[in-house]
Amino acid sequence: MAKPKSHNARAQALEAAAGNGLIDRRALLGRGMVFAGAISAGIGPSSAAAGAEPLAEDPWSLEVGDPMPLYQVPSKFEAKVARTLSNPNHEPRNSHARTPHHLLDGTTTPNGLHFAINHAGVPNVDPDKHRLVIHGLVKRPLEFTLESLSRYPMVSRVSFVECGGNSAPMFSPEPMQESVQALHGLASCAEWTGIKLSTLLEETGVDPTAKWFIAEGADLATFEPQRAGEKGRWMTP
């Protein structure tokens, strides 16, 4: 009868582990009941630690909170969750704002913490006067207002955007003891909604011989040649 007992003992030991190295439910529950019995018997953690005392009423629980704003802003306790600026004194050069990845949860970057790079400051574009023009090797050069663009079908995409110079400090000849924000802060993830470029190009009738295009924004840093008598069209790095 000795052999069957040895076989049963080995079988019970094997049953304690489920597939993929997971603990078997019955073994876990069994150990839990043993642990609970030990606590009730006064073995292990003290019985005083097992029972929580009622929480004290904090000041914010005893008074009316702040009024609801029209546009919600971050809590004052989130003041340290902010971007770092490469040009905090707003000198006439480019400026980088890096995302604090080490202080965020999840993959979506809040709008106010999305990385940004500006060569001529942040422009104040009037949406009622802003225009999008597509011209060149097209059959029908077109000009769009934001109101007219809103009539086209839109799509949403969750995508990462990364600057070509992101992680450049990693190429430093000497190792840099910096945070992930300083090393990789020129990349962010957001949900983007708008009209597909292919939709607008199809609307204008692009010539099949066209090979490339130039996308130019409405800020001061344009790609066009400097006009006569006009200075500072391009803010150099």
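Please read all numbers here as calculations on a predicted model, not as lab measurements.

About the cut-offs
Residues numbered from 1 in each chain as written. Predicted model: local features only at pLDDT ≥ 70, side-chain atom pairs only at ≥ 80, totals over all residues. Heavy atoms only, no water. pLDDT = per-residue confidence, 0-100. Contact = heavy atoms within 4.5 Å. Pairing = 2+ DSSP bridges. Helix = DSSP H or I, 4+ residues; strand = E, 2+ residues; numbered from the N terminus. Phe/Tyr/Trp six-rings, centres within 6.5 Å; stacked < 30°, edge-to-face > 60°. Buried < 20%, exposed > 50% of the residue type's maximum accessible area, 1.4 Å probe, protein only. Salt bridge = Lys/Arg side-chain N within 4 Å of Asp/Glu carboxyl O.

Engineer: Can you break down the confidence of the model for the protein chain residue by residue, with the values?
Structural biologist: Summing up the model confidence of the protein chain, the mean pLDDT is 82 and the portion of residues at 70 or higher is 72%. In this model, residues 228–237 is a region of pLDDT below 50 whose contacts with residues beyond four sequence positions or in other chains number 20 contacts.

Engineer: So, the sheet that holds strand β3 (residues 116–118): which residues are in play, and what are the values?
Structural biologist: Ordered by their spatial adjacency, three strands build an open sheet running β1-β2-β3, and the pairing between neighbours is antiparallel. The open sheet has two edge strands, β1 (84–85) and β3, and neither has a second partner. Here β1 pairs with strand β2 (residues 95–98) via two bridges, running antiparallel. The partner of T84 across the bridge, within β2, is R98.

Engineer: Before we move on, could you go through the packing of aromatic side chains and cite the residues and values that matter?
Structural biologist: For the structure shown, the criterion picks out one aromatic pair. Between F144 and Y152, the aromatic rings sit 6.0 Å apart at their centres with planes inclined by 75°, giving edge-to-face as the arrangement. Y152 carries the same exposure label as F144, and that label is buried.

Engineer: Just give me the short version of the environment of E203, but keep the residues and values in it.
Structural biologist: Looking at the secondary structure, you find E203 in helix α6 (residues 197–204). The sequence separation of E203 and I134 amounts to 69 residues, and the corresponding C-alpha distance is 9.9 Å. Non-local contacts of E203, meaning those with residues more than four positions away in its chain, are made with R140, L142 and Y152.

Engineer: Give me the lowdown on the pattern of salt bridges, citing residues and values where you can.
Structural biologist: Overall, the coordinates contain three salt bridges when judged by the stated rule. Between E143 and R131 there is a salt bridge, with its nearest N and O atoms 3.5 Å apart. A residue pair is termed long-range when its members are at least 10 positions apart, and E143 in strand β5 (residues 142–145) and R131 in strand β4 (residues 131–134) qualify at twelve residues. Where E147 meets R151, a salt bridge forms, and the shortest distance between an N and an O atom there is 2.9 Å. Using a relative accessible area of 45% as the deciding quantity, one classes E147 as partly exposed.

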